[in-house]
Amino acid sequence: MKKILLVEDNAASRKLFGDLLVRAGHDVTLSDNADEGIERALDTRFDLILMDIQLPGTDGFTAAKLLRANAITRDLPMIAVTAHAMRGDERRILDAGFDAYVAKPVSYRLLLSEVERLLGEGARQRQRAVGSP
Ligand code: MN
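This text gives an overview of the structure that appears in the document. It should be emphasised that the depicted structure is a prediction, and the values quoted were computed from it without experimental measurement.

### Side note on the sheet that holds strand β4 (residues 78-82)
By way of backbone hydrogen bonds, the strands of a sheet pair with one another, either parallel or antiparallel.
Argument step 1. The parallel open sheet is built from 5 strands, whose spatial order is β2-β1-β3-β4-β5. If you trace the sheet from one side to the other, it starts and ends with β2 (27-31) and β5 (100-103), each paired once. Across the sheet, the axes of successive neighbouring strands diverge by a mean angle of 20°, strand direction being ignored.
Argument step 2. As paired elements, β4 and β5 share 4 bridges and run parallel to each other. When the sheet's bridge partners are listed, isoleucine 79 is paired in β5 with alanine 100.
Argument step 3. Packing of helix α3 (residues 60-68) onto the sheet brings it into contact with β3 (48-52) and β4, and relative to β3 it is tilted by some 155°.

Okay, structure coming up:
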C-alpha cells in the first residue's frame with residue numbers, strides 16, 4: 001500500500017479516481033484544491049501525487065512548480081490529470097515538474113499503469129531540467 005494524494009476539484013472525478021486507487025490497494029488522501037493539497041504534501045510523506053491541472057485558485061501548473069521548489073516534495077512522483085482540450089500542453093505540463101500526465105476522459109487502465117510505473121520507480125534523484133539553464 002502506497003500513500004497517494006489526489007487533488008481534484010470535480011467531486012465526481014475525485015470519487016472515481018479515489019475509488020480506483022483504493023481498489024488498487026492504496027491509501028488515498030483527497031483534496032479539492034491545490035493550496036490545501038500543497039499543505040498536505042508538506043505535512044505528510046506521500047509516495048505519489050495525482051493532480052488535476054484545472055483547479056480553482058492555484059492551478060496544477062503553479063502547484064507543481066511550488067512542490068518541485070520545496071525539498072520535501074522535490075523528488076515526489078507527480079502525475080497530472082488534464083482536460084481533453086489541453087492535450088497540446090504536454091510540454092508545459094512536464095516543464096511544470098510533472099512526471100507524466102493522463103488526459104480526460106481518463107482511461108482507468110492507463111491511469112493505474114502510470115501510477116504503478118511511477119510508484120515502482122519511486123522518488124529518485126531528478127535531473128532538474130525544469131528552470132535550470
Ligand atoms: Mn478541475
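### Section: the coordination of the manganese ion
Argument step 1. For the manganese ion, the full set of protein donor atoms is Asp9 (OD), Asp52 (OD) and Gln54 (O), and the range of their distances to it is 2.0 to 2.2 Å.
Argument step 2. One chain supplies every donor to the manganese ion, and in sequence these donors are spaced D-x42-D-x1-Q. Placement of aspartate 9 in the loop between β1 (3-7) and α1 (11-23) and of aspartate 52 in strand β3 is noted, with a sequence separation of 43 residues between them.
Argument step 3. For aspartate 9, a relative accessible area of 32% translates into the label partly exposed.

### So, α1
Argument step 1. The end-to-end C-alpha separation of α1 is 18 Å, in line with the 18 Å expected for 13 residues at 1.5 Å each.
Argument step 2. Buried residues of α1: Ser13, Arg14, Phe17, Gly18, Leu20 and Leu21, and no others. Looking straight down α1, one finds that the buried residues subtend no more than 160° of arc, so they occupy a single side. Seen from the buried face of α1, the exposed residues on the opposite side, beyond 90 degrees, are Lys15 and Arg23.
Argument step 3. The secondary structure elements touched by the buried residues of α1 are β1, β2, β3, β4 and α5 (108-121).
Argument step 4. The opening residue of α1 is asparagine 10, an N-cap whose side-chain oxygen sits 3.1 Å from the backbone nitrogen of alanine 12.

### Focus on the nonpolar core
Argument step 1. Counting residues in each nonpolar core, the largest one holds 20 residues, and the members touching the most others are Ile49, Met51, Leu67 and Phe98.
Argument step 2. Counting only elements with at least two residues in this core, the list comes to β1, α2 (34-43), β3, α3, β4 and α4 (90-96).
Argument step 3. The element contributing the most residues to this core is α3, with 4 residues.

### So, the pattern of salt bridges
Argument step 1. Inspection of the entire model under this criterion finds 9 salt bridges.
Argument step 2. For aspartate 19, the salt bridge identified is with lysine 15, shortest N-O distance 2.8 Å. Placement of both aspartate 19 and lysine 15 in helix α1 is noted, with a separation of 4 residues, approximately one turn of the helix.
Argument step 3. Across the salt bridge formed by glutamate 114 and arginine 117, the nearest N and O atoms sit 3.0 Å from each other. Pair noted here: glutamate 114 and arginine 117 are both in helix α5, with a separation of 3 residues, about one helical turn.
Argument step 4. On the basis of relative accessible area, arginine 117 is assigned to the partly exposed category, the value being 36%.
Argument step 5. Bridged by salt links that share partners, the residues Glu8, Asp52 and Lys104 form one connected network.

Rules of the game
Residues numbered from 1 in each chain as written. Predicted model: local features only at pLDDT ≥ 70, side-chain atom pairs only at ≥ 80, totals over all residues. Heavy atoms only, no water. Pairing = 2+ DSSP bridges. Helix = DSSP H or I, 4+ residues; strand = E, 2+ residues; numbered from the N terminus. Axes fitted to C-alpha atoms, helices over the stretch in contact; angles between N-to-C directions. Contact = heavy atoms within 4.5 Å. Donors = N, O, S within 2.8 Å, 3.2 Å for Na, K, Ca; no water. Buried < 20%, exposed > 50% of the residue type's maximum accessible area, 1.4 Å probe, protein only. Expected span 1.5 Å × (residues − 1). Arc of directions from axis to C-beta. Polar contact = N/O pair within 3.5 Å; in protein donor to acceptor, adjacent residues only side chain to side chain. Core = buried A, V, L, I, M, F, W, Y, C linked by side-chain atoms within 4.5 Å. Salt bridge = Lys/Arg side-chain N within 4 Å of Asp/Glu carboxyl O.

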